[in-house]
Amino acid sequence: MYRGRRLRILENIRELTRETRVSKKSLIYPMFIEEGSGIVKEIPSMPGQFRYSTDTMIDKLKDVLSWGVTSVMFFGIPKEKDEVGSGAYDPHGIVQEALRIAKKEVPEITYIGDVCMCEYTSHGHCGIACEHTVDNDKTLPLLCKTAVTQVEAGADMVAPSDMMDGRIEAIREALDEAGYYNTPIMSYAAKYASAFYGPFRDAAGSDGFKGDRKSYQMDYHNRRQAVMEAVSDIEEGADIIMVKPALAYLDIIRELKDITDVPVAAYSVSGEYSMIKMGAKAGVIDEKEIIAETAISIFRAGADILITYFAKEIAEMIDRGEIG
Ligand code: PBG
C-alpha cells in the first residue's frame, strides 16, 4: 500500500516535504501613478488598491519595502491622451517622472516600466490605430522610445505589454544603441485577450475603451501559439517571459516553464484580484486562504516570479510561516 499519509500526519513533516517554496523576493507589486499631486484615490473596481501621484507614492513605496517586497511595476495615468499616445514616450511623461523621483527617494526598490500605449491613446488601443486594429510597424518605434525614455529616467527593467510582433527585437536594439545593454526586458510573451483585465481598465483610466484587443492579444483557445510567442520573444532577446493572466492559464505557465530556460513570470491580473476581494466581501470565501492557495498554485505551475496586487498579503503569510 502507498502510505501517502506518512508525510501528512505531522505539520513539521508536511512543511519539510513541501514541493513548492516561495520567497518575497519573487513578488512584483504593480502600482498606478496618476499625473497631479496629493492623490490617494481608491480604485472602485479594485478595493484596497489606489492611484497615487508622484508625491504620495513615496510613502507607499516605503511601505512596500517594509513588507520585504523589492520589485515594483509602474503604470501611468496621464492628464491628457491623444491619437498617438505621446504621453507614453514623453521624456517627462508620468511614468518617467515617477521613475525619476522613485529612484531617488527609494533606491532600494527595482523599478519596472510597463511599456504600452493604451493608457495614453485617446482611442484606448495599445498602439497606433488603423481601421479596426493597430498598425504593428508604425507602433514599434514609439514603443522603443517609450522603453528608452523609461530607462533614461531610471527604470531597472522594461516590460512591453502591447503584443506587437517584433517588439522585443526592436526594443532590445534601441536600448543597446542608447547604451542600456545591461537593462533586462521582461516580455509579456503570452498575453491573452482576457475579460480578467476588466477592473484594470477602470484603474488605468481606459474605462472608455469600447473595442477589444483580439487582433493583437492571444486567443484563449490556443496553447501551442503561446510556445511560438515565447520562443520568438526569447530569440529576439527577452530575458524573462511572462504569462498573463495567471489563474486561468496555469497550463501555459507549465508549458513555457518546461520548454524554455529563461525565468517565467506570471501576472495575476486585476480580475483575479477583484474576484477574490468581492467574493470575500460577500462572505462566500475565506480571503486569506484563497490568496494563499491561488498564489501557490501559480508557483507550483512553474512561475519563478509572481506579479500580484496581493503582494502585501502574500509577504505577511510568508513572514508568519503560513506558506512557503
Ligand atoms: C496593457 C495592460 C493591461 C494590463 C496590463 N497592461 C490591460 C490590457 O491589456 O487591456 C492588465 C493588468 C491587469 O488587469 O491587472 N497596457
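Residues numbered from 1 in each chain as written. Predicted model: local features only at pLDDT ≥ 70, side-chain atom pairs only at ≥ 80, totals over all residues. Heavy atoms only, no water.

K.L.:
Looking at this structure, how should I read the site of the ligand?
P.N.:
Neighbouring the ligand are 17 residues, the closest being Lys191, Arg201, Lys244, Ser270 and Tyr309. Measuring from a nitrogen atom of the ligand, one finds a side-chain N or O atom of glutamate 119 at 3.2 Å. At 3.2 Å, a side-chain N or O of serine 161 approaches a nitrogen atom of the ligand. Contact with the protein chains hides 100% of the accessible area of the ligand, taken as 400 Å² for the molecule alone. A class-by-class count of the residues in the shell around the ligand yields eight nonpolar, three polar and six charged. (Near = heavy atom within 4 Å. Polar contact = N/O pair within 3.5 Å; in protein donor to acceptor, adjacent residues only side chain to side chain. Areas by Shrake-Rupley, 256 points an atom, 1.4 Å probe, with all protein chains shown as cover. Nonpolar A, V, L, I, M, F, W, Y, C, P; charged D, E, K, R; others polar.)

K.L.:
Help me understand a positive patch on the surface in this model?
P.N.:
A cluster of basic side chains, namely Arg3, Arg5, Arg6 and Arg8, defines a positive patch on the protein surface. In this fold, arginine 3 is placed in the segment before helix H1 (11–16). Judged by its relative accessible area of 48%, arginine 3 is partly exposed. (Patch = residues over 30% accessible without salt bridge, like charges linked within 9 Å, V, L, I, M, F, W, Y side chains within 5 Å. Salt bridge = Lys/Arg side-chain N within 4 Å of Asp/Glu carboxyl O. Lys, Arg positive; Asp, Glu negative; His and termini not counted. Charge placed at Lys NZ, Arg CZ, Asp CG, Glu CD. Helix = DSSP H or I, 4+ residues; strand = E, 2+ residues; numbered from the N terminus. Buried < 20%, exposed > 50% of the residue type's maximum accessible area, 1.4 Å probe, protein only.)

K.L.:
How should the packing of helix H5 (residues 136–153) against helix H6 (residues 167–177) be read in this particular structure?
P.N.:
Relative placement of two packed helices is described by the angle separating their axes and the distance separating the axes. Across the interface, H5 lies against H6 with an axial gap of 9 Å and an inter-helix angle of 45°. Taken together, the axes of H5 and H6 are oblique relative to one another. Once H5 is placed against H6, the crossing between them reads as right-handed. In this structure, H5 contributes Leu140, Leu143, Cys144, Ala147, Val148 and Val151 to the contact, and H6 contributes Arg167, Ala170, Ile171, Ala174 and Leu175. Taken together, the residues of the contact of H5 with H6 break down into ten nonpolar, no polar and one charged. (Axes fitted to C-alpha atoms, helices over the stretch in contact; angles between N-to-C directions. Parallel < 35°, antiparallel > 145°, perpendicular 65-115°, else oblique. Left-handed = near helix turned anticlockwise from the far one by under 90°. Contact = heavy atoms within 4.5 Å.)

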